[in-house]
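Chain and residue survey
Each chain is listed here by its residues.
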Amino acid sequence: MRDQDTVGRLGGDEFVVLVESSSEDSAADILADRLVEALREPVDIGTGAEVNVTVSIGVAVGQYSTPDGLLRDADLALYAAKAAGRDRYSLFDASMHADVEGRVALEMDLAEALKSEQFFLLYQPIFDLASGRIEGLEALVRWRHPVRGIVPRTSSSRWPRRAA
């Protein structure tokens, strides 16, 4: 870090680096990449043993009216870096707000679905292809959403966004 940069500990294993420089994303990318590379180096803990450390970094760049806004966006970028596999950095993007809003809406919808009993069982037969006979049943839980209808099973972790 440079002399004019500020490094602080937020708590636990979370740290913040405040850098006053150009607001160009490329400068933030270069710094974050340097930090990830530097922290990948094994650390001698004084007992002759070395410890390998991984780091996830969230980067927020731009003009913010409050420190809380800057930290919130850096935190969203941090979670994106962790979700992408850790030991990397992620630059904040405005779409991250929409993802969070979607997750919050899903949690609220699920809580309401439980209260108003929107879930139901669906039985699906299991066939033996050779004989064509039914060999068993599979019980599936489905969600009858009041706006979206029956929510299909999906392998995606992304909830469809609400229509504007």
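Below you will find a few notes about this structure. Everything quoted here is computed from the prediction, not taken from an experiment.

Calculation criteria
Residues numbered from 1 in each chain as written. Predicted model: local features only at pLDDT ≥ 70, side-chain atom pairs only at ≥ 80, totals over all residues. Heavy atoms only, no water. Helix = DSSP H or I, 4+ residues; strand = E, 2+ residues; numbered from the N terminus. Buried < 20%, exposed > 50% of the residue type's maximum accessible area, 1.4 Å probe, protein only. Contact = heavy atoms within 4.5 Å. Areas by Shrake-Rupley, 256 points an atom, 1.4 Å probe, with all protein chains shown as cover.

Before going further, it helps to examine the overall build of the protein chain. Per the secondary structure count, the protein chain includes 3 helices and 9 strands. Helices and strands in the protein chain line up, N terminus first, as β-β-α-β-β-β-α-β-α-β-β-β. The 164 residues of the protein chain split such that 19% are buried. In the protein chain, 38% of the contacts between residues at least 6 apart in sequence involve partners at least 24 apart. Total accessible area on the protein chain stands at roughly 12,300 Å², and carbon and sulfur atoms take up 54% of it.

Along the chain, Ala49 turns up in the loop between strand 3 (43–44) and strand 4 (50–51). Aside from chain neighbours lying at most four places away, what touches Ala49 is Val43 and Asp44.

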